[in-house]
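One-letter residues, chain by chain:
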Amino acid sequence: MRAYDREDLLFQLFDVAGVEEIIAGTELDADAVRGILDTADQIATDHYLPHAHEIDENEPVFDNGRAILPDAVKPAVDAFIEGGFLAGPFRPEHGGLGLPETVHQAASFVFSASNVSIKGYAMLTIGAGRLIQSFGTEDQKTRYLEPMVEGRYFGTMCLSEPQAGSSLSDITTKAEPMEDGRYRISGRKMWISAGEHELSENIVHMVLAKIPGGPPGVKGISLFIVPKIRLDGTRNDVTLAGLNHKMGYRGTTNCALNFGEQGDCIGELVGEPHQGLRYMFQMMNEARIGVGMGATALGQAGFQASLAYARDRPQGRSPVAKDPASPQVPLIGHADIRRLLLAQKAAVEPALALALYCAVLVDRHRAGDADALTLLDVLTPVAKSWPSEFCLEANKHAIQVLGGAGYTRDYPVERHYRDNRLNPIHEGTHGIQGMDLLGRKVMMQNGAGFTALTGAIRADITGAGHPLGDPLSAAVDRLEEVTRSLTAQVLADPERGLANATLYLDLTGHVIMGWMWLRIARAAAEKAGREGDSDFLKGKQQAARYFYARELSRTEGWARTLLANDASAFEMQAGWF
């Protein structure tokens, strides 16, 4: 059994996202895209999914400065590399395959649904490699990027520190200039995913640090390449201080790293001094979309597991069945179980549609569409956070479908929940994404991104001619009214104005997911018109109906709270707790 719905993935990719428009004029065609996904499915089925429970039960071990991983991790990672999936998204001039981002993300969904812990190593390496691809020198690309594309080197992002967390202005890692143009790095980094392992010849750490004498705060942050092994083969002064023991995502090492304990950690500056945070935002934004895709995949995996259980498990009888000797019905025969399943479907499918839509925008931007990036900027906080919050809720429903069995480790749904619980935290918490959306993204370029968002939604409402268009249009009206009110308050009093940014994020996310359901429902109707209706397509329309009745309707109450800019949390005093 797959951990994801392949029919839905193909429908979303071809009928909703329109990947054939993206690949037009390239060497790829529809059959080639399906072949790539077939290969991903085979690798995931053979190497990822069968070991998900084993890796969760036997997490990496700290042993005298080394991280010892479960035996199943390396064969899976090697198969991923040999299948071309690490090289896939990189440019051909650096040894990559130049896959469209939309195709790359669809394949990533397959791997994440099957075993998100193993997938983490590749995600970070691709992000770190793209950082060098964008801002590194040609020499750095030759020495570091090309071995990463080949899978000989892996990568990380090293931002957080024990005392700083998400407050990057407070990092203390230093980079002292050396006479040869390199830098001597010293400091500690915490929560570094994939920070130590023996899956590759080398690990390329992308490290944020401050050059003495630079501007204070985030303006003084620079970006450095700090390899685990120097290119002369000697060990750099990067030490694994310990592993963090996590609730989930256990197969991905999470490390405390010390740089320069012996005064001999050497790094190379990437780009210009004091521009490190600006550069790193590229990797962080890519990672945020990747986190949203991973959260969606975990929601999908839980949905598929609970759906299969509900179909097979006999439990009780219909409320109108009076004879206790009558046959039991499957769980799915009970209306409240169908509610729990429908709630999962209503969350994971538009979340996948949004992740693929963001990938389409990346491809359009690469093709020269400047407006695509403007829209992507405002969508990124939602693409990261909405799936992380509400596909986690879907995982909760999956456990509920299984009842007591779902609370045991004998079934995968409790692991899916534990794995997904990381996603509202890392790469910027749910609250941070809310502040980013309200405090920055909707006001950037005089609101150009928000205008692009509402314009894109209204264009689809007009083009769809679907009954969902009217309630979605009303929801957009409410969102525009709330946005005008809150942005004015943010400009007048940022601290007070941002107090309800998280609820604003939820409101915006629900409206966007309503938009995604409109796109899905329209595509389903068009496909039914071409090929005839089916249970698969009827399920899309019914799930859209559920989302609008049960979820989009919640935005009315949220909008009232936001227009009043409720001050109950803002005015609460620390001592009153």
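Residues numbered from 1 in each chain as written. Predicted model: local features only at pLDDT ≥ 70, side-chain atom pairs only at ≥ 80, totals over all residues. Heavy atoms only, no water.

1. With respect to helix H6 (residues 101-114)
One turn of an α-helix holds 3.6 residues; hence residues three or four places apart share an orientation. Threshold: Put simply, DSSP H or I for four residues or longer makes a helix, DSSP E for two residues or longer makes a strand, and each gets a number counted from the N terminus. Expected helix span is given by 1.5 Å per residue-to-residue step, counting one fewer step than there are residues. Only protein chains enter the accessibility calculation, which uses a 1.4 Å probe. A residue is then buried if its area is under 20% of the maximum for its type, exposed if over 50%, and partly exposed in between.
Here H6 spans 20 Å end to end across 14 residues, near enough to the 20 Å set by a 1.5 Å rise per residue. In terms of burial, H6 is a largely internal element, 14 of the 14 residues being buried.

2. Details of the pattern of salt bridges
What counts, and what does not: For salt bridges, the criterion is a side-chain nitrogen of Lys or Arg within 4 Å of an Asp or Glu carboxyl oxygen.
Summed over all chains, the structure comprises 39 salt bridges. The residue arginine 418 makes a salt bridge to aspartate 56 at a minimum N-O spacing of 2.7 Å. Of this pair, arginine 418 sits in helix H12 (residues 413-420) while aspartate 56 sits in helix H4 (residues 52-57), and the two are 362 residues apart along the sequence. Per residue, the accessibility class of arginine 418 equals that of aspartate 56, and both read buried. Among the charged side chains, a network of salt bridges with common partners joins Glu101, Arg130, Glu286, Asp363 and Arg366.

3. Quick notes on the UniProt feature "domain: Acyl-CoA dehydrogenase/oxidase C-terminal" (unreviewed entry) in the chain
Our working definition: UniProt positions are given in the numbering used here, feature names are shortened, and annotations may be inferred rather than shown by experiment.
Mapped onto this numbering, the UniProt entry annotates "domain: Acyl-CoA dehydrogenase/oxidase C-terminal" (unreviewed entry) at residues 275-436. Spanning residues 275-436, this segment combines 72% helix with 0% strand, and its end C-alpha atoms are found 20 Å apart.

4. Here's the deal with the pairing of strand S4 (residues 174-177)
Quick note on the threshold: Strands pair, by our definition, only if DSSP identifies at least two bridges between them.
Strand direction decides the pairing type here: S4 and strand S5 (residues 183-193), joined by four bridges, are antiparallel. Within S5, the residue paired with lysine 174 across the bridge is serine 186.

5. Here we look at the environment of aspartate 8
In plain terms, the rule: For this analysis, a polar contact is any N or O atom pair within 3.5 Å, provided that within protein one partner can donate a hydrogen and the other can accept it, and provided that sequence-adjacent residues contribute only side-chain to side-chain pairs.
Mapped onto the fold, aspartate 8 is located in helix H1 (residues 6-16). Look at aspartate 8 and you get buried, because its relative accessible area is 1%. Each C-alpha atom of the pair aspartate 8 and proline 215 lies 50 Å from the other, and the pair is 207 residues apart in sequence. A distance of 2.4 Å separates a polar atom in the side chain of aspartate 8 from a polar atom in the side chain of lysine 540.

6. Re the side chain of glutamine 304
Position of glutamine 304 relative to the elements: it lies in helix H9 (residues 276-312). The class of glutamine 304 is buried, set by a relative accessible area of 12%.

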